[in-house]
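Structural characterization, general
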Amino acid sequence: MSTHLLNADLHCHSVVSDGTLTPETLAQRAVDQGVELWALTDHDELGGQAPAIAAAHALGLDMLTGVEISVTFAGKTVHIVGLGFDHHDAALQAGLAATRGGRAERAREMADELAKVGVKGAFEGALKYVGNPDLISRTHFARYILETGICGSVHEVFSRYLADGKPGYVPHRWAGLGDAVSWITQAGGTAVIAHPGRYGFSPTEEYALFTEFMAHGGRAVEVMTGSHSDAERLKYADMALEFDLLASRGSDFHGPGESRCEMGSLPPLQGRLTPVWEVLNERVLRA
Ligand code: AMP
Ligand code: MN
Ligand code: MN
Ligand code: MN
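Structural notes, computed from the coordinates. Just so it is clear, the model here is predicted, and its values are computed rather than measured.

1. Some details on the overall build of the protein
Helix and strand counts for the protein come out as ten helices and eight strands. Its C-alpha atoms give the protein a radius of gyration of 18 Å, within 12% of the compact-globule value 19 Å for 287 residues. Evaluated residue by residue, the protein yields a buried proportion of 53% over its 287 residues. Expressed as a percentage of contacts within the protein between residues at least 6 apart in sequence, the contacts between residues at least 24 apart total 73%. Element-wise, carbon and sulfur atoms account for 52% of the exposed surface of the protein, whose accessible area totals about 11700 Å². The centroid of the 23 positive side-chain charges in the protein is displaced by 5 Å from the centroid of its 36 negative side-chain charges.

And the structure:
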């Protein structure tokens with residue numbers, strides 16, 4: 001039986017990274033939005049997995065373990081989602097801890113750079129929004145800058161201050177692509193290229209990303225994500241077929257009022273694709 005119409009949402013964030021809701025509240029929201037298979041994919045951190053699994057179990061919601069790993073590839077930051085791994089795996093946990101390291105120092109540098117362009121007190125300001133001190137991110141800075149009234153939206157904050165090349169952007173070296181894919185697959189999981197439409201790669205760089213990702217053992221790509229336009233949904237469906245990759249679907253929900261897309265609300269995957277969850281049956285934590 002085809003499972004294309006399963007309402008799977010395999011990408012979202014809690015307060016354990018840069019979301020605004022707890023894992024428990026997200027599990028309830030997933031149920032309320034009709035999600036039938038859920039994964040919490042906090043950035044570089046597994047601390048939300050146990051409470052998410054317990055909450056999903058209590059609510060009768062099937063789920064997969066999840067994570068979104070920050071990777072540096074061809075001079076840009078790329079995100080690799082992992083699904084269905086053993087969240088107690090020591091090598092995965094150590095890799096993520098190493099990836100998180102340096103965020104605090106980077107945040108100090110970001111605050112110094114922002115002060116030079118007139119945004120004062122950004123380190124302390126961002127910290128107010130941080131749920132997990134190990135995971136201070138640009139999103140927390142964005143919430144503070146919005147609060148100061150300098151910008152009218154998070155989108156404006158990123159385009160004026162925090163995007164690559166803007167005054168508050170501090171380049172950072174994240175995990176290697178091969179390392180991130182290996183941590184996930186050796187822990188029994190499946191690696192997925194997150195929101196490929198967001199990276200601004202040339203066709204050559206994008207081809208290199210897909211081929212190197214697959215050479216390291218990566219198997220899937222997000223086609224349906226909150227940040228893809230209709231044209232990108234078509235383009236990456238074509239690329240999934242061309243590269244023989246499985247397809248994933250995830251809102252990338254960060255919180256009410258902040259996200260492009262509500263949980264469970266994306267269109268289904270195109271019928272010509274193979275959903276990534278078709279190979280993850282045995283990894284589903286059944287309620
Ligand atoms: P970091 O890991 O600290 O570099 O922060 C990256 C996070 O910033 C992403 O996971 C998104 O949640 C957020 N982000 C990046 N670009 C944008 C954007 N243009 N608009 C809103 N949020 C963004
Ligand atoms: Mn985020
Ligand atoms: Mn991402
Ligand atoms: Mn995300």
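2. A few points about the nonpolar core
Membership of the largest hydrophobic core comes to 53 residues, with the highest contact counts inside it found for Leu10, Ile69, Ile80, Leu209, Phe210 and Val223. Membership of the second largest hydrophobic core comes to 19 residues, among which are Ala111, Val119, Tyr161 and Val170.

3. Examining the packing of aromatic side chains
A full pass over the atoms with the stated rule returns five aromatic pairs. Here tyrosine 207 and phenylalanine 243 contribute two aromatic rings whose centre-to-centre distance is 5.7 Å and whose plane-to-plane angle is 55 degrees, an arrangement assigned as tilted. With tyrosine 207 in helix 9 (residues 203-215) and phenylalanine 243 in helix 10 (residues 230-243), this residue pair connects regions lying 36 residues apart in the sequence. Ring centres of phenylalanine 210 and phenylalanine 243 lie 5.1 Å apart, and the angle between their planes is 50 degrees; this geometry places the pair in the tilted category. Remark: phenylalanine 243 occurs in helix 10 and phenylalanine 210 occurs in helix 9; sequence separation between them is 33 residues.

4. A closer look at the sheet that holds strand 2 (residues 37-39)
Strand order in the open sheet made by the three strands is 1-2-3, with parallel pairing throughout. This sheet does not close on itself; its edge strands, each paired only once, are strand 1 (8-9) and strand 3 (62-64). Across two bridges, strand 1 lies against strand 2 in parallel orientation. Of the residues in strand 2, the one forming a bridge with aspartate 9 is tryptophan 38.

5. Points about the coordination of the manganese ion (ligand 2)
At 2.2 Å from the manganese ion (ligand 2) lie its protein donor atoms, namely Asp18 (OD), His43 (NE2) and His254 (NE2). The sequence pattern describing where the donors of the manganese ion (ligand 2) fall on their chain is D-x24-H-x210-H. Here the manganese ion (ligand 2) and the manganese ion (ligand 3) are spaced 5.5 Å apart. Linking histidine 43 in the loop between strand 2 and helix 2 (49-59) with histidine 254 in the segment after strand 8 (246-250), this pair joins segments that are 211 residues apart in sequence. Exposure class is identical for histidine 43 and histidine 254. Each is buried.

6. Concerning the coordination of the manganese ion (ligand 3)
Glu68 (OE), His79 (ND1) and His195 (NE2) make up the full set of protein donors to the manganese ion (ligand 3), lying at 2.1 to 2.2 Å. Owing to a relative accessible area of 0%, glutamate 68 belongs among the buried residues under this scheme. Under the relative-accessibility criterion, histidine 195 is labelled buried at 1%.

7. Some remarks on the packing of helix 9 against helix 10
At a closest axis distance of 12 Å, the pairing of helix 9 and helix 10 adopts a crossing angle of 45 degrees. Between helix 9 and helix 10, the interaxial angle falls into the category oblique. For the element pair helix 9 and helix 10, the recorded crossing hand is right-handed. Two secondary-structure elements touch here, helix 9 through Glu206, Tyr207, Phe210, Thr211 and Met214 and helix 10 through Lys235, Tyr236, Met239 and Phe243. Of the residues assigned to the contact of helix 9 with helix 10, the class counts are six nonpolar, one polar and two charged.

8. Comments concerning the packing of helix 1 (residues 23-32) against helix 2
For the pair helix 1 and helix 2, the least separation of the axes is 8 Å and the interaxial angle reads 35 degrees. The hand of the helix 1/helix 2 crossing is right-handed. Contact with helix 1, carried on its side by Pro23, Glu24, Ala27, Gln28 and Val31, involves Pro51, Ala52, Ala55, Ala56 and Leu59 of helix 2 and no other residues of that element. Its residues placed into classes, the contact of helix 1 with helix 2 shows eight nonpolar, one polar and one charged.

Rules behind the numbers
Residues numbered from 1 in each chain as written. Chains lettered and ligands numbered in written order. Predicted model: local features only at pLDDT ≥ 70, side-chain atom pairs only at ≥ 80, totals over all residues. Heavy atoms only, no water. Helix = DSSP H or I, 4+ residues; strand = E, 2+ residues; numbered from the N terminus. Rg over C-alpha atoms; globule rule 2.2 N^0.38 Å. Buried < 20%, exposed > 50% of the residue type's maximum accessible area, 1.4 Å probe, protein only. Contact = heavy atoms within 4.5 Å. Areas by Shrake-Rupley, 256 points an atom, 1.4 Å probe, with all protein chains shown as cover. Lys, Arg positive; Asp, Glu negative; His and termini not counted. Charge placed at Lys NZ, Arg CZ, Asp CG, Glu CD. Core = buried A, V, L, I, M, F, W, Y, C linked by side-chain atoms within 4.5 Å. Phe/Tyr/Trp six-rings, centres within 6.5 Å; stacked < 30°, edge-to-face > 60°. Pairing = 2+ DSSP bridges. Donors = N, O, S within 2.8 Å, 3.2 Å for Na, K, Ca; no water. Axes fitted to C-alpha atoms, helices over the stretch in contact; angles between N-to-C directions. Parallel < 35°, antiparallel > 145°, perpendicular 65-115°, else oblique. Left-handed = near helix turned anticlockwise from the far one by under 90°. Nonpolar A, V, L, I, M, F, W, Y, C, P; charged D, E, K, R; others polar.

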